[in-house]
Amino acid sequence: MSLSVPIVIGFVNQKGGAGKTTGATHASVWFKRLSYSVVLVDADGQQSSSDWIKQINSSMESEDSWIPCVINSDPEELFKLIPELKQKYDIVIVDGPANIGEVTKTILFRSDLALIPSRESFIDLRSTGKILEYVAQAKELRGGLPIAAMYLNAVKANTLVLKDAEGALKNVIVPLLKTMIHDRTCLRDASGQANTVFEMRGTGPKAAAKSFDSLFKEALRIFSNG
Ligand SMILES: Nc1ncnc2c1ncn2[C@@H]1O[C@H](COP(=O)(O)OP(=O)(O)OP(=O)(O)O)[C@@H](O)[C@H]1O
Ligand SMILES: [Mg+2]
């Protein structure tokens, strides 16, 4: 994959439990495994992604495999910090909080690519309206940035299919990625096991890893095409 780095990727959605932390942590490990230099910015006061990454780091034999993380949920500081990190690393991943305040705005002002996970229920999809308004404002001010895309997370088999979701998201300004992440026990368990599905064994983790691989590739294709 040829990628023009550095890239700041923000995982945002004001809705709690959408999958921001799971997405941000998996993206950090995915890029690291592709030999990019990666830093994770945990901008959520709950500090779940930094805890998770620290545990992953401590299980690594070599410090070369560590993913540094920075915890900061102050909007003014983040505004300065993200570009500084962008000068030092290929990939800056930012895990956003479950609210629509200044931190989320700052992430959208500083991200090149904004990924918006959403659960598949109609209520969750409709609730993304607020974050999409913010994305639209940022795009207007920044001449089209961040490039943004939504994706469905924790999709249960035989429930809403992509077409229905597309219907619910009619007239929305960002594309919905074709790749979705299914509801999987291994993803529910991953943070507790201080791991990502990329290292976990078994058919479930293997399938989940494949989905994340497709998801990030699809998002980067959209990003590269502007
Ligand atoms: N695809 C999935 N399959 C199964 N469980 C999932 C999946 N994605 C996330 N989860 C679980 O759902 C919960 C919420 O996910 P996560 O913490 O990633 O969301 P979040 O958007 O970061 O939440 P918050 O807004 O509270 O920070 C977690 O317990 C996580 O393990
Ligand atoms: Mg989170």
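Described in the following lines is the structure provided in the data block. (Residues numbered from 1 in each chain as written. Chains lettered and ligands numbered in written order. Predicted model: local features only at pLDDT ≥ 70, side-chain atom pairs only at ≥ 80, totals over all residues.)

### What to know about the environment of F31
Here F31 shows up in helix α1 (residues 20-33). Given 23 C-beta atoms within a 10 Å radius, F31 is considered buried. Spatially, the C-alpha atoms of F31 and C186 are 20 Å apart, while their sequence positions differ by 155 residues. The residues contacting F31, other than those within four sequence positions of it, are Y36, V38 and I91. (Helix = DSSP H or I, 4+ residues; strand = E, 2+ residues; numbered from the N terminus. Buried ≥ 20, exposed ≤ 12 C-beta atoms within 10 Å, placed from the backbone. Contact = placed C-beta atoms within 7 Å.)

### Some details on helix α2 (residues 48-58)
Residues of α2 that are buried: S49, S50, W52, I53 and I56. With its buried residues spanning 160° around the axis, α2 presents them on a single face. (Arc of directions from axis to C-beta.)

### Regarding the site of ligand 1
Around ligand 1, a shell composed of 19 residues is seen, among which K20, T21, T22, A98 and L187 lie nearest. Looking at the shell around ligand 1, the elements that each hand over two or more residues are α1 and α8 (185-190). Per element, the largest residue contribution to the shell around ligand 1 is three residues, and it comes from α1. Among the residues forming the shell around ligand 1, the class breakdown is five nonpolar, nine polar and five charged. (Near = placed C-beta within 6 Å. Nonpolar A, V, L, I, M, F, W, Y, C, P; charged D, E, K, R; others polar.)

### Observations concerning the nonpolar core
Ranked by size, the top nonpolar core spans 59 residues in total, and within it L40, V41, V92, I93 and V94 carry the most contacts. Non-local contacts of V92, meaning those with residues more than four positions away in its chain, are made with P6, V8, V39, V41, I82, L85 and K86. (Core = buried A, V, L, I, M, F, W, Y, C linked by C-beta atoms within 7 Å.)

### Concerning the environment of Y134
Mapped onto the elements of the fold, Y134 is located in helix α6 (residues 129-141). In this structure Y134 comes out as partly exposed when scored by C-beta crowding, with 19 C-beta atoms within 10 Å. For the pair formed by Y134 and G192, sequence separation is 58 residues and the distance between their alpha carbons is 32 Å. Once residues lying within four places of it in the same chain are set aside, the contact partners of Y134 are I100, T104, K105 and L108.

### Side note on the sheet that holds strand β2 (residues 38-42)
The pairing of strands in a sheet happens through backbone hydrogen bonds and is either parallel or antiparallel. One open sheet holds the six strands; their spatial order is β3-β2-β4-β1-β5-β6, and the pairing between them is parallel. With one partner strand each, in any of the chains shown, β3 (69-71) and β6 (147-152) form the two edges of the open sheet. Geometrically, the sheet is characterised by an average inter-axis angle of 20° between neighbouring strands, direction not taken into account. Two strands pair when backbone bridges link them, and β2 and β3 are joined in this way by three bridges, in the parallel orientation. The partner of D42 across the bridge, within β3, is I71. (Pairing = 2+ DSSP bridges. Axes fitted to C-alpha atoms, helices over the stretch in contact; angles between N-to-C directions.)

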